[in-house]
Amino acid sequence: LTAQWIARTGILIWVYSLTHSAPAVSLVGLVEAAPLLVTAPFAGVLVDRLPYRQVLLATTLLQAVIVLPLLLARGSFAVPLILTVTLVLGVLAQLFGAASNAIIPMLAGPARLGWVNGAGQVISGSVMAVAPGAASAVVWLLGERGLVVALLLCWLAAVPVLAGLPAEARRNRP
């Protein structure tokens, strides 16, 4: 979640610094919204057929890999590459979100589900409040390539945590 919000803000800053164009930044927002509108309705159905831990691990690792081409973003090639990477990251984020929402009841159990969902909302809100500032600081201090490295490190840091989730976490089918 942290990497997704840092990516979101960092990419907006990056595109603006390349283009100095509000319409170009708006295009990034449209590309970010497209997976939500198109992928989200099917993400839950797809994820429900797979082991949740594997979906979480695969999407996280794929996000780390997908961001690497941004290290090559230069010149007139930069904005189309950034938009393409943003679109793929958005699709992967929808799959990750569906799997993370589905796994919570299995991990928390019915007695603690309300508390865990509440804690998750506080964490999510905190990330949304802090990540844009963190993204701005990373881009300001380290530049766009530093942003890519920071994102890569965030996603890779999540892998051991996700790998520690129960392997059998999957919805029980009747």
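Residues numbered from 1 in each chain as written. Predicted model: local features only at pLDDT ≥ 70, side-chain atom pairs only at ≥ 80, totals over all residues. Heavy atoms only, no water.

### Notes on the overall build of the protein
Point 1. When you go through the protein residue by residue, the secondary structure sums to six helices and zero strands.
Point 2. In sequence order, the secondary structure elements of the protein are arranged as α-α-α-α-α-α.
Point 3. Here the protein, with 174 residues, has 37% of them falling under the buried criterion.
Point 4. In the protein, 84% of the contacts between residues at least 6 apart in sequence involve partners at least 24 apart.
Point 5. With an accessible surface of roughly 9,300 Å², the protein has 73% of that area assigned to carbon and sulfur atoms.
Point 6. Across the protein, the mean location of the 9 positive side-chain charges is 5 Å away from that of the 4 negative side-chain charges. (Helix = DSSP H or I, 4+ residues; strand = E, 2+ residues; numbered from the N terminus. Buried < 20%, exposed > 50% of the residue type's maximum accessible area, 1.4 Å probe, protein only. Contact = heavy atoms within 4.5 Å. Areas by Shrake-Rupley, 256 points an atom, 1.4 Å probe, with all protein chains shown as cover. Lys, Arg positive; Asp, Glu negative; His and termini not counted. Charge placed at Lys NZ, Arg CZ, Asp CG, Glu CD.)

### Section: unusual backbone geometry
Point 1. With a phi close to 50°, His 20 is a non-glycine residue in the positive phi region.
Point 2. Locating His 20 in the fold gives a position in the loop between α1 (2-19) and α2 (22-38).
Point 3. His 20 gets classed as exposed once you look at its relative accessible area, which sits at 58%.

### Regarding the packing of helix α4 (residues 52-66) against helix α5 (residues 78-108)
Point 1. At a minimum axis distance of 9 Å, the contact between α4 and α5 shows a crossing angle of 155°. Viewed along their axes, α4 and α5 adopt a mutual orientation that is roughly antiparallel. Crossing hand, α4 versus α5: left-handed. Of α5, the residues touching α4 (which contributes Tyr 52, Arg 53, Val 55, Leu 56, Thr 59, Thr 60, Leu 62, Gln 63 and Ile 66) are Val 85, Val 88, Leu 89, Leu 92, Ala 93, Leu 95, Phe 96, Ala 99, Ser 100, Ala 102, Ile 103 and Met 106.
Point 2. Of the residues assigned to the contact of α4 with α5, the class counts are 16 nonpolar, four polar and one charged. (Axes fitted to C-alpha atoms, helices over the stretch in contact; angles between N-to-C directions. Parallel < 35°, antiparallel > 145°, perpendicular 65-115°, else oblique. Left-handed = near helix turned anticlockwise from the far one by under 90°. Nonpolar A, V, L, I, M, F, W, Y, C, P; charged D, E, K, R; others polar.)

### So, the packing of α2 against α5
Point 1. The N-to-C vectors of α2 and α5 enclose an angle of 30°; their axes lie 8 Å apart at closest approach. With respect to α5, the axis of α2 lies roughly parallel. In the packing of α2 onto α5, the handedness of the crossing is right-handed. Together, Leu 27, Val 28, Val 31, Glu 32, Ala 34, Pro 35 and Leu 36 of α2 and Leu 83, Thr 86, Leu 87, Gly 90, Val 91 and Gln 94 of α5 make up the contact between the two elements.
Point 2. Of the residues that constitute the contact of α2 with α5, the class distribution is nine nonpolar, three polar and one charged.

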